[in-house]
Amino acid sequence: MFIDFSKIIKKKPEKYLVLDIGTSEVKSLVFQKDKNYFVVLASSSSNFSSSPLVKDEDGMIESKDFSRDIIKKTILEAKELLGKEFQNNYKKILISLPADVLRGRVSFQNFHRKQSEKIINKIEEKKIFDQIFKKAKKEISEDFSKKTGIMPKEFSFLDIKILDIKIDGYETPKILGYKGNNLEFNIFITVIVKHRFDNFKKILKSLKLKPVYLIHQAEGLINVFAKEYPDTFFIDIGGYLTQIFLIKNGKLKKVKEFEWGGEDFSQAISQVLGVSKKRANLLKEKYSNSLLSENVRRRIKEIFNLPTNEWFFNLKSELLKENILLPSLVLIFGGSGVIPDIKEVLEKRYEELLFISEPEIKIISSKYFQMIKDNTNKLIDSKDVPILLTCWGLKD
């Protein structure tokens, strides 16, 4: 009797490499899937040694050549730190970039059909999608052009996803086979400047890394939290940037970012106390984790008064530009999300924003990811949330 051992031998789980490249730190991990769980096999993190991020010619925060100077260095550092877990034959390599390099936006588009009683076929479906995608790209590229001074034609659109569809006010899973007059689309689009994307591809080719997928945090938020927290305002506070995400009725409705983050708090300590940046970062970390004496804690809190109010002013400005109505649940994460003054200023001054009611504000950590098995026991903090979101950013 012939026995086909290839069908008996259990297939070795395929591994994924994840790189979260932020404005002041890079994090990496390797995981494999085990049924409904993501099993983390190795993880590492590294701060940029000498703050290489500055304003570039486009007015964005980065090094002189972000792709060459930062991405290549961080990938090689990840290779060294991950050791034997770093290889060149991953099933997928997922990479997230700073929010001002890989930008995400939600676009709302309407389409009015003249023959509303006619059922939409494949030809009409394609025409509708082509038209709304073209319009969404034009609006987003022109908006970024006004903010950055970069010509609209210099942007590349990497990913376009339809988040939800309504026909004559009723939500539908698709338009093919349906009829109606007014079609509404909620679309998520990721954008990057062309020359940065070209440099990025060259780096990956030189390092022989493939297949690579660029992931925006919003994609992970949709996949992880949209069902469990269907009406939530998310805030990710990084080193130099803050990202905000709004989910309503389980749908992503808004993605924005502004320049203000943990490095501004460190800079305040450094300037007022006359200490090095390294010492300022250490004081900020100890303050955030309640590890300082009462006198020192009070002094740091006094110093943080100005950057905290500046952060809130920037947040308020972004939200009130569009009169964004906010749900009553706020979840904060990111490397600087643990600074207690951030949570405090939101609790004290929430009435200056358009919350539907007094908000419940929480700082979240990796514990909110129920489908993670962390064999490294390293992923415990709020700063680990972004890289875990990157893990869930791409559905198989």
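Notes on the structure in this doc start here. The structure displayed is predicted, hence computed values, not measured ones.

### Comments concerning unusual backbone geometry
A negative phi holds for most residues other than glycine; trans holds for most peptide bonds. Lys 210 connects to Pro 211 through a cis peptide bond whose omega is -10 degrees. Positioned with a positive phi, Asp 168 is a non-glycine residue whose angle comes to about 50 degrees. Inspection of the secondary structure puts Asp 168 in the loop between strand 8 (155-167) and strand 9 (170-172). A residue is classified by how much of its surface remains accessible, and Asp 168, at 41% relative accessible area, is partly exposed.

### So, the pairing of strand 10 (residues 182-193)
Where burial is concerned, most of strand 10 is hidden: eleven out of the twelve residues are buried. As paired elements, strand 7 (residues 103-112) and strand 10 share ten bridges and run antiparallel to each other. Across the sheet, residue Arg 103 finds its bridge partner in strand 10, namely Val 191. Bridging between strand 8 and strand 10 involves eleven bridges; their strand directions are antiparallel. Paired with Ile 160 across the bridge in strand 10 is Ile 189.

### Details of the sheet that holds strand 8
The antiparallel open sheet is built from four strands, whose spatial order is 7-10-8-9. Strands at the two margins of the open sheet, each flanked by one partner only, are strand 7 and strand 9. Within the sheet, the average angular offset between the axes of one strand and its neighbour, ignoring direction, is 35 degrees. Set on the sheet, helix 4 (residues 194-206) makes contact with strand 8 and strand 10; between it and strand 10 the angle comes to about 60 degrees.

Quick notes on the rules
- Residues numbered from 1 in each chain as written.
- Predicted model: local features only at pLDDT ≥ 70, side-chain atom pairs only at ≥ 80, totals over all residues.
- Heavy atoms only, no water.
- Helix = DSSP H or I, 4+ residues; strand = E, 2+ residues; numbered from the N terminus.
- Buried < 20%, exposed > 50% of the residue type's maximum accessible area, 1.4 Å probe, protein only.
- Pairing = 2+ DSSP bridges.
- Axes fitted to C-alpha atoms, helices over the stretch in contact; angles between N-to-C directions.
- Contact = heavy atoms within 4.5 Å.

Read these as geometric descriptors, not functional statements.
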